[in-house]
Amino acid sequence: MPEPGLLQQLLGEARLPSAVRVEHGPLSRLPRLFRQPLLQQPDRLADAYRGPLSFGRGLRSPQTFDSRANAGALLQLGLTVFLQDVAPTLPGALEFLRQLERELGAAAGSARLSAFASAGDDGVSCHYDAEEVISIQLLGRKTFHVAPMTEIEQPCGAQFGPEMVAVENLYEQARDGFPDPAGVAFQAHEMQPGSVLYLPRGTWHRTEALEPSLSLSIVLRPPVLADALLGWLQPWLLGDARWRKPLYGAADAHSRELQSLLGELATRLKQNAGSTILDWNAAPPVDSGSLLRVPGARLRLTPAARPRVRLEVSALDRDWRSRVTFDSEIPEALVPAIEWLQQRKTAFDLQTLGRHLPHIAPADLRQLLELLVKANGLRQLVPR
C-alpha cells in the first residue's frame, strides 16, 4: 500500500477538516521531522535557532516583543518564546512544507513552520488567527481552550484578540462589530506529546502550559481570492501606458478616460481573466506567457567535461550585491539557447525561443527557462 500523505499522517484525513479536530497518539506515529534530536529538548532548538523571534507572558498580557536575544536565555527567564520560522533550522522541514503544499494544492510558500516554547506557568493569550494552524505537541502537557469566532467569516490579515491592535484591513471586515470572545463557550483539549490539533482560521484559542512545553505549528496562509486579483491586476495595468498616466488637475478631467479604461478592464475580466488570475498566482508554467531578462543578471558559461558545460547565474540582491544563484553543469546542446538569451533585450516566450532554435527539444528549452526563473535570471510576466 502507498504511504499515506502528510495530512493523513497528522490528522487522519486527506483534506483539511471544516472544524476543530484533535488527534491523540504516540509521537512515533508522526512523520520523522517531528522526532529529530533538535526537538527533544526546548533548549536544543532554542540554541540552534537564528531566525526572528518574539516573547511575552501570554497568561498576563497579550503583548509580545520582538527580540534578537538568545531564545534559550528567554526561556530561562520563564517567558513564552515564539520562534517564527524554524524550517531553515530543522533538517527536512523545507521539503516537508513543499510536499504538504503540493498535497493541499496551495501555492509554494503558503506553509511555514513555527515553534512555541513555554514555561510551566504560562501560555498564549486569547486570540484568533487569520490562517489555518496545525499544532503538534512535542514535549510537556498543554491545554488548548478553543471556540469558534462567528463575527467575521473567513477573516483575512493578522491575528486579533482582546487588547490587541486592529490592523488596517480588519476594519472593513468588522462592519458588524469587532470579534469579542466574551461569553463564548470554550472547549478544552489536553495536549500531550504526539497530540495534533487543527484550528480553522478564525478560531478563538488560548493556551496554558501545565509544565515546560514545546510545540510546532504548521501555519497555512495561501493567497485569498483578493490577493490573487491584486497580485495580477497591478502588474497587468502597469503594462499599459494609459494606466501609468500621472494625475494632475481636477478629478473630472480624467473621469472620461478612466471610464473607458474601466470598461476595457471589465470586458477583459469577464472574458477570460478568471483562470489567468488563478494560474498566475499559482506559479504558472513558463510556456504560458512571456519572460524578460532580469537587469543585472549574468549568465556565464565555462568549459566542463563534454558533452556538458558549466553555467553560473548571478543576480543582484536587495542590497544591490551580486549573488550566485545557480552554479552547475548543463548539456552542451543548450549553449546556443544561453547565447540567445544573453543577447535578448525584450520580452519573449518559449515559442519564440523555439523558432530560433528548432534543433533543441522544446522540453529541454522549457526546463532551462524554469531553471533561470528560479535563479532570478529571468522574470515571468503577467499573461496579457
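Residues numbered from 1 in each chain as written. Predicted model: local features only at pLDDT ≥ 70, side-chain atom pairs only at ≥ 80, totals over all residues. Heavy atoms only, no water.

J.: Please explain the packing of aromatic side chains as it appears in this structure.
T.: The geometry of an aromatic ring pair is captured by the separation of the ring centres together with the interplanar angle, meaning the angle of the planes. Evaluated as defined, the whole model comprises 8 aromatic pairs. Seen from their ring centres, Tyr128 and Trp204 are 5.4 Å apart, and the 75° between their planes marks the pair as edge-to-face. Remark: Trp204 occurs in strand 11 (residues 203-209) and Tyr128 occurs in the loop between strand 6 (123-127) and strand 7 (132-139); sequence separation between them is 76 residues. Each member of the pair, Tyr128 as well as Trp204, is classed as buried. Taking 5.4 Å as the distance between ring centres and 85° as the angle between the ring planes, the aromatic pair formed by Tyr171 and Phe178 counts as edge-to-face. By relative accessible area, Tyr171 is classed as partly exposed at 45%. Owing to a relative accessible area of 37%, Phe178 belongs among the partly exposed residues under this scheme. Taken together, the ring pairs connect Tyr128, Phe160, Tyr171, Phe178 and Trp204 into an aromatic cluster. (Phe/Tyr/Trp six-rings, centres within 6.5 Å; stacked < 30°, edge-to-face > 60°. Helix = DSSP H or I, 4+ residues; strand = E, 2+ residues; numbered from the N terminus. Buried < 20%, exposed > 50% of the residue type's maximum accessible area, 1.4 Å probe, protein only.)

J.: Looking at this structure, I do not really get helix 6 (residues 225-238). What am I missing?
T.: Because each turn of an α-helix spans 3.6 residues, side chains separated by three or four positions end up pointing in the same direction. For helix 6, built from 14 residues, the straight-helix expectation of 20 Å at 1.5 Å per residue is met to within 8% by its first-to-last C-alpha distance of 20 Å. Here helix 6 has its buried residues at Ala228, Trp232, Leu233, Trp236 and Leu237. Here the buried residues of helix 6 occupy an arc of 125° about the axis, which is enough to place them on one side. Turned more than 90 degrees away from the buried face of helix 6, the exposed residues are Leu230 and Gln234. (Expected span 1.5 Å × (residues − 1). Arc of directions from axis to C-beta.)

J.: Mind showing me how you'd approach the environment of Gln84 here?
T.: Note on placement: Gln84 falls in the loop between strand 4 (80-83) and helix 4 (93-104). What makes Gln84 partly exposed here is its relative accessible area of 24%. Sequence separation between Gln84 and Gly51 is 33 residues; the distance between their C-alpha atoms is 7.2 Å.

J.: Is there a simple way to think about the pairing of strand 4 in this case?
T.: For a regular strand, side chains alternate in direction, first toward one face of the sheet and then toward the other. Pairing of strand 2 (residues 53-56) with strand 4, which is carried by 4 bridges, proceeds in the antiparallel orientation. Each bridged residue has a counterpart across the sheet, and for Ser54 the counterpart in strand 4 is Phe82. Where strand 4 meets strand 5 (residues 111-118), 3 bridges bridge the pair, whose relative direction is antiparallel. Along strand 5, the bridge assignment pairs Val81 with Ala117. (Pairing = 2+ DSSP bridges.)

J.: Looking at this structure, I do not really get the sheet that holds strand 8 (residues 142-148). What am I missing?
T.: As a general point, the strands of a sheet are linked pairwise by backbone hydrogen bonds and lie either parallel or antiparallel. In space, the 4 strands of this open sheet follow the order 6-11-8-9, with antiparallel pairing throughout. The open sheet is flanked by strand 6 and strand 9 (187-191), the only strands paired with a single partner. Averaged over neighbouring strand pairs, the angle between their axes works out to 20° when direction is ignored. Examined bridge by bridge, strand 6 and strand 11 share 3 bridges and lie antiparallel to one another. (Axes fitted to C-alpha atoms, helices over the stretch in contact; angles between N-to-C directions.)

J.: Mind showing me how you'd approach the pairing of strand 12 (residues 213-220) here?
T.: When you tally the buried positions in strand 12, you get 8 out of 8 residues, the bulk of the element. Pairing between strand 5 and strand 12: 8 bridges, direction antiparallel. Bridge pairing links Ala111 to Leu220 in strand 12. Examined bridge by bridge, strand 7 and strand 12 share 7 bridges and lie antiparallel to one another. Bridge assignment links Ile136 to a residue of strand 12, and that residue is Leu216.

J.: Sorry if this is basic, but what is going on with the sheet that holds strand 16 (residues 322-331) here?
T.: On the basis of which strands lie adjacent, the open sheet formed by 3 strands has the order 14-15-16 and antiparallel pairing. Both edges of this open sheet fall to strand 14 (298-303) and strand 16, since each of them pairs with a single strand only. The average angle at which neighbouring strand axes cross in this sheet is 20°, direction not considered. Across the face of the sheet, helix 8 (residues 335-343) comes into contact with strand 14, strand 15 (308-316) and strand 16 while running at roughly 145° to strand 14. (Contact = heavy atoms within 4.5 Å.)

J.: Would you mind showing me how to read the side chain of Thr203 here?
T.: Relative to the helices and strands, Thr203 is located in strand 11. Among the polar contacts listed, one links the side chain of Thr203 to the backbone oxygen of Pro200, at a separation of 2.7 Å. (Polar contact = N/O pair within 3.5 Å; in protein donor to acceptor, adjacent residues only side chain to side chain.)

J.: What's the story with the pattern of salt bridges in this structure? I'm lost.
T.: Two side chains carrying opposite charge are able to pair once their charged atoms lie near each other. Using the criterion set out here, one finds 16 salt bridges in the structure. The residue Asp240 makes a salt bridge to Arg242 at a minimum N-O spacing of 2.8 Å. For the salt bridge of Arg366 with Asp287, the shortest nitrogen-to-oxygen distance reads 3.1 Å. Within this pair, whereas Arg366 is found in helix 10 (residues 362-374), its partner Asp287 is found in the loop between helix 7 (252-281) and strand 13 (291-293), the two being separated by 79 residues in sequence. Classification of Asp287 as partly exposed rests on a relative accessible area of 29%. Here the salt bridges do not stand alone but share partners, grouping Glu13, Arg21 and Glu23 into one network. (Salt bridge = Lys/Arg side-chain N within 4 Å of Asp/Glu carboxyl O.)

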